[in-house]
Amino acid sequence: MTAPRHFLTLMDLTADEIRSLITRAMELKSLRNQGLPHKTLEGKVLAMIFTKASTRTRVSFEAGMTQLGGSALFLSGQDTQLGRGEPIADTARVISSMVDMVMIRTFAHADVETFASHSKVPVINGLTDDYHPCQILADLQTYVEARGEISGRTVCWLGDGNNVCHSWMNAARLLDFELVVACPEGYEPDAELLSACGHHVRIERDPAQAAQGTDLLITDVWASMGQEDEQTARANTLAPYQLNRQLLDKAAPGALYMHCLPAHRDEEISTELMDASGTVIWQEAENRLHAQKALMELLLSD
Ligand code: CP
Ligand code: NVA
């Protein structure tokens, strides 16, 4: 039996694979919009393990599997024996003997790695404390749909150097664009990852300077899941990094802005930008469905 192909970070795909995946995601989107069948994963089963909350990830994977002719089962960490201490490795051996693919959303990235190393089937990272690669597939699709190729562009991340930021950093080095991370001291992305990204990623303290002339502005919540206790302190420090009209006006003409959602309106992003008629934020959320359908096809194609 050949080793399964996992998707734990964006680095598990090549730049060419990401480009083909986006093309396929756009094709799948068009098939669905036309009501045409695309049951390429007939009879396949996806197990979804969640130890953190989710709206988009859960719905997009479950609906996506159904639309591809397969099915998905939701396993909450608490309700399985995982929540009572059954080792991750044992759980991986058992679950992967019964299903065709596993998606996991949890805290420690090492837990997803442990699961993958004991799994007979592909494992997808549906968000960990360190990475959120599925989100970036949808974000890249959204950029390509609206503006074409992202290579050579400049992207500005605003706020906390978190899991979503880390996955954007991987995208910058894979697809060869510049990412400027605007954050205050103490909120930088992981130092090792930063150095691995070389000239593709740099830190800038002044948000207005960072936004200047960029093609895409991105932000995310200031307190991620698991950091709820730090909400007030984070909101105070990160307030100058709010994505709003003033900052958008500094970006290049026609610049886009994104947010993975859920958003805290008037914290990391203004209500005005959330509700602006030209925003791609809702398209970005929908694209989770299409990009992940393309991802599941790719992982099961080997
Ligand atoms: N963006 C995202 O992953 O949303 P959920 O937390 O709702 O899945
Ligand atoms: N950074 C956020 C993303 C939510 C989709 C979190 O980890 O909570």
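Going by the structure above, here's the rest.
Conventions adopted
- Residues numbered from 1 in each chain as written.
- Chains lettered and ligands numbered in written order.
- Predicted model: local features only at pLDDT ≥ 70, side-chain atom pairs only at ≥ 80, totals over all residues.
- Heavy atoms only, no water.
- Buried < 20%, exposed > 50% of the residue type's maximum accessible area, 1.4 Å probe, protein only.
- Helix = DSSP H or I, 4+ residues; strand = E, 2+ residues; numbered from the N terminus.
- Arc of directions from axis to C-beta.
- Contact = heavy atoms within 4.5 Å.
- Pairing = 2+ DSSP bridges.
- Axes fitted to C-alpha atoms, helices over the stretch in contact; angles between N-to-C directions.
- Disulfide = S-S within 2.5 Å.
- Near = heavy atom within 4 Å.
- Polar contact = N/O pair within 3.5 Å; in protein donor to acceptor, adjacent residues only side chain to side chain.
- 1 Å grid on protein atoms, 1.4 Å probe; cavity = no way out; pocket = protein on both sides within 12 Å on 5 of 7 lines; lining within 4 Å.
- Sits in = over half its atoms within 2 Å of the grid points.
- Nonpolar A, V, L, I, M, F, W, Y, C, P; charged D, E, K, R; others polar.
- Salt bridge = Lys/Arg side-chain N within 4 Å of Asp/Glu carboxyl O.
- Areas by Shrake-Rupley, 256 points an atom, 1.4 Å probe, with all protein chains shown as cover.
- Parallel < 35°, antiparallel > 145°, perpendicular 65-115°, else oblique.
- Left-handed = near helix turned anticlockwise from the far one by under 90°.

Colleague: Would you mind going over helix α3 (residues 88-95) with me for this structure?
Modeller: Counting along an α-helix, one turn takes 3.6 residues, and residues three or four places apart therefore face a common direction. Listed as buried for α3 are Ala89, Thr91, Ala92 and Ile95. Seen end-on, α3 carries its buried residues on one side only, within an arc spanning 160°. Where α3 is buried, its residues touch β1 (45-50), β2 (71-76), β3 (101-105) and α4 (109-117).

Colleague: Looking at this structure, I do not really get the sheet that holds β3. What am I missing?
Modeller: The pairing of strands in a sheet happens through backbone hydrogen bonds and is either parallel or antiparallel. Spatially, β2-β1-β3-β4 is the arrangement adopted by the four strands of the open sheet, whose pairing is parallel. Because the sheet does not close on itself, it has two edges, and the strands there are β2 and β4 (123-125). The mean inter-strand angle of the sheet, taken between neighbouring strand axes irrespective of direction, is 20°. Across five bridges, the pairing between β1 and β3 is parallel. Bridge pairing in β3 links Phe50 to Arg105. Across the sheet, α4 lies against β1, β3 and β4, angled at about 170° from β4, the strand it touches most. Along the sheet, helix α12 (residues 281-300) makes contact with β1, β3 and β4, crossing β4 at roughly 150°.

Colleague: Whenever I open this one, the state of the cysteines confuses me. Can you help?
Modeller: Each disulfide consists of one covalent bond between the sulfur atoms belonging to two cysteines. Scanning the model with the defined rule gives zero disulfides in all. Cysteine Cys165 is unpaired, with the sulfur of Cys183 as its nearest cysteine sulfur at 7.5 Å. The class for Cys165 is buried, based on a relative accessible area of 0%.

Colleague: Mind showing me how you'd approach the sheet that holds strand β5 (residues 154-158) here?
Modeller: As summarised here, the arrangement of the five strands in space is β7-β6-β5-β8-β9, forming an open sheet in which the pairing is parallel. Each edge of the open sheet is held by one strand with a lone partner, namely β7 (201-204) and β9 (256-259). When the angles between neighbouring strand axes are averaged without regard to direction, this sheet yields 20°. Direction of pairing for strand β8 (residues 216-219) relative to β9: parallel, over a ladder of four bridges. Counterpart to Leu216 in the pairing with β9 is Leu256.

Colleague: When you look at the site of ligand 2 in this model, what are you seeing that I'm missing?
Modeller: Around ligand 2, the structure places Leu127, Asn162, Asn163, Asp220, Val221, Ser224, Met225, Cys260 and Leu261. Asp220 places a polar side-chain atom, nitrogen or oxygen, 2.6 Å from a nitrogen atom of ligand 2. A distance of 2.8 Å separates an oxygen atom of ligand 2 from a polar atom in the backbone of Met225. In this structure the site holding ligand 2 corresponds to the largest pocket. Within the shell around ligand 2, the residues separate by chemical class into five nonpolar, three polar and one charged.

Colleague: Looking at this structure, I do not really get the pattern of salt bridges. What am I missing?
Modeller: Pairing is possible between side chains of opposite charge, provided their charged atoms come close. The full count for this structure, using the stated rule, is 17 salt bridges. Where Lys29 meets Glu145, a salt bridge forms, and the shortest distance between an N and an O atom there is 3.0 Å. With Lys29 in helix α1 (residues 15-33) and Glu145 in helix α5 (residues 133-147), this pair connects stretches of sequence that are 116 residues apart. Its relative accessible area of 13% is what places Lys29 among the buried residues. The salt bridge partner of Glu178 is Arg202, with a shortest N-O separation of 3.1 Å. Linking Glu178 in strand β6 (residues 178-182) with Arg202 in strand β7, this pair joins segments that are 24 residues apart in sequence. Classification of Glu178 by relative accessible area gives partly exposed; the value is 28%. The network of salt bridges with shared partners includes Asp16, Arg19 and Glu149.

Colleague: Please clarify how the site of ligand 1 should be interpreted in this entry.
Modeller: The local shell around ligand 1 consists of Ser54, Thr55, Arg56, Thr57, Arg105, His132, Gln135, Cys260, Leu261 and Arg288. Measuring from an oxygen atom of ligand 1, one finds a backbone N or O atom of Thr55 at 2.7 Å. At 2.8 Å, a side-chain N or O of His132 approaches an oxygen atom of ligand 1. Contact with the protein chains removes 95% of the 250 Å² of surface that ligand 1 exposes when unbound. More than half of the atoms belonging to ligand 1 lie within 2 Å of the grid points that define the largest pocket.

Colleague: Help me out: how do you make sense of the packing of helix α2 (residues 56-67) against α12 in this one?
Modeller: Between two packed helices, what matters for the description is the angle formed by their axes and the separation of those axes. Between α2 and α12, the least distance of the axes is 9 Å, while the angle of their chain directions is 50°. Judged on the interaxial angle alone, α12 and α2 are oblique. Along this stretch, α2 crosses α12, giving a crossing that reads as right-handed. Packed against α2, whose contacting residues are Arg56, Thr57, Ser60, Phe61, Ala63, Gly64, Met65 and Gln67, the element α12 presents Ala285, Arg288, Leu289, Gln292, Lys293 and Met296 at the interface. Among the residues making up the contact of α2 with α12, the classes are represented as six nonpolar, five polar and three charged.

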